Amino acid sequence: MKKILVTGGAGFLGSHLCERLLNEGNEVICLDNYFTGQKKNVTHLLENPYFELIRHDVTMPFFIEVDEIYNLACPASPIHYQYNPIKTIKTSVAGAINMLGLAKRINAKILQASTSEVYGDPKIHPQPESYWGHVNPIGTRACYDEGKRCAETLFVSYHQKNNVRIKLIRIFNTYGPRMHPNDGRVVSNFIVQALQGRDITIYGDGLQTRSFQYVDDLLEGMTKLMATGDDFTGPVNVGNPGEFTMIELAEMVIKLTGSQSKIVFEPLPSDDPMQRKPDITLAKKVLDWEPKIKLEEGLGRTIDFFKTIV
Ligand code: NAD
Ligand code: UDP
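The text that follows walks through the structure, step by step, so that each part is easy to find. (Residues numbered from 1 in each chain as written. Chains lettered and ligands numbered in written order. Predicted model: local features only at pLDDT ≥ 70, side-chain atom pairs only at ≥ 80, totals over all residues. Heavy atoms only, no water.)

## Some thoughts on the site of ligand 1
Stated precisely, the cut-off is as follows: Working definition: residue near molecule or strand if any one of its non-hydrogen atoms lies within 4 Å of it. The term polar contact refers here to a pair of N or O atoms within 3.5 Å; inside protein, the definition further demands a hydrogen-donor-capable atom paired with an acceptor-capable atom, and it admits residues adjacent in sequence only when both atoms are side-chain atoms. Note that accessible areas follow from Shrake-Rupley with a 1.4 Å probe, and for residues the cover is restricted to the protein chains shown.
Taken together, 29 residues surround ligand 1, and among them Leu 13, Asp 32, Thr 36, Tyr 144 and Thr 174 come closest. In the environment of ligand 1, an oxygen atom lies 2.9 Å from a nitrogen or oxygen atom belonging to the backbone of Phe 12. One nitrogen or oxygen atom from the side chain of Tyr 144 is found 2.6 Å from an oxygen atom belonging to ligand 1. Compared with its free state, where it exposes 820 Å², ligand 1 has 96% of that area covered by protein.

Encoded structure:
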């Protein structure tokens, strides 16, 4: 039995990760400040004697003895990470320093939830890990993008200078049950709007693309990465290469929900990337991983979840 710390464990991805790690027979400590996560995402785990929930902010040091750390603490939706950009940077940067310091002190393996946003508005398509990205350092997304880029730099530096065992995963847009209905991300927005018969809000002309991955596929890649040998640090892209325009996504959601909602167009937020699609050659090779769940199937499961809460 391993003892595993999951920061941001009460959030969308973190709660699924805690559940999976417990099911695999590990002891899990979930740490969260509940900024975007909710206790109710993990209350069903509280009866498990091997699960522990702690309210803590990763910008403050934390001490515990564990074998592995999954560092997921950070708001992920644009409206939430832009709400207090300075706090977002502190969470990514001071949070990484605190968790890396802990990993160094207790000799734990540590995984960082990085993001496809490190590629910014990419000029290379699809994006391989070798691409350095195209990020506006003073734009509306910078607090998130640059915070995550700096966190990657910190991870690599702790690895090179202090032999900390690190794993960098670059997560592409992930969706599924337990997304917050008001977090403003496109999948949850479209599904909630469709289920409530409200207009579906496409920002810009709707021709921008994203590649959507179902949460279960991500967790498979993430846990496989954690299990790789100490010489493999990543970064490695984990995402679904299926690429869709926002118009295609809206039409699929309307079809699957049988909704009468109409599509409306609203202004595109600044610095919104035009295209995004992972090159997953490395994940296939090193992790023997590729996504299994097609967008239609994953959306169906996600719609079933939202029907229970909206
Ligand atoms: P989320 O907002 O649901 O979860 C983030 C969690 O971190 C929340 O529970 C929140 O309360 C917690 N948190 C935020 N700041 C904190 C702090 N200072 N101290 C302690 N806890 C804090 O988002 P998510 O989609 O579950 O994302 C989880 C991680 O994965 C994030 O690091 C995000 O950047 C990364 N990621 C997610 C996606 C995606 O598509 N979902 C894509 C790329 C990267
Ligand atoms: N988007 C949209 N309507 C919405 C919410 C988002 O058209 O109601 C667009 C957004 O402008 C972006 C894409 O959907 O082009 C994905 O947005 P999301 O916030 O989910 O993720 P990110 O932009 O961080 O990849």
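Next comes the rest of the account.
## As for the site of ligand 2
The condition is simple: Secondary structure follows DSSP: runs of H or I at least 4 residues long count as helices, runs of E at least 2 residues long count as strands, and numbering of each begins at the N terminus. For this classification, the nonpolar set comprises Ala, Val, Leu, Ile, Met, Phe, Trp, Tyr, Cys and Pro, the charged set comprises Asp, Glu, Lys and Arg, and every other residue, Gly included, is treated as polar.
In the vicinity of ligand 2 lie 18 residues, with Asn 189, Thr 201, Arg 210, Asp 272 and Arg 276 positioned nearest. The separation between a nitrogen atom of ligand 2 and a polar main-chain atom of Thr 201 is 2.6 Å. Take Gln 208: an N or O atom from its side chain is 3.0 Å from an oxygen atom of ligand 2. Isolated, ligand 2 exposes 520 Å² of accessible area, and the fraction of that covered by the protein chains is 95%. For the shell around ligand 2, the elements supplying multiple residues, two or more each, are helix H5 (186-195) and strand S8 (200-203). In terms of residue class, the shell around ligand 2 is made up of seven nonpolar, five polar and six charged.

In short, the description is geometric, and any link to function would need to be established separately.
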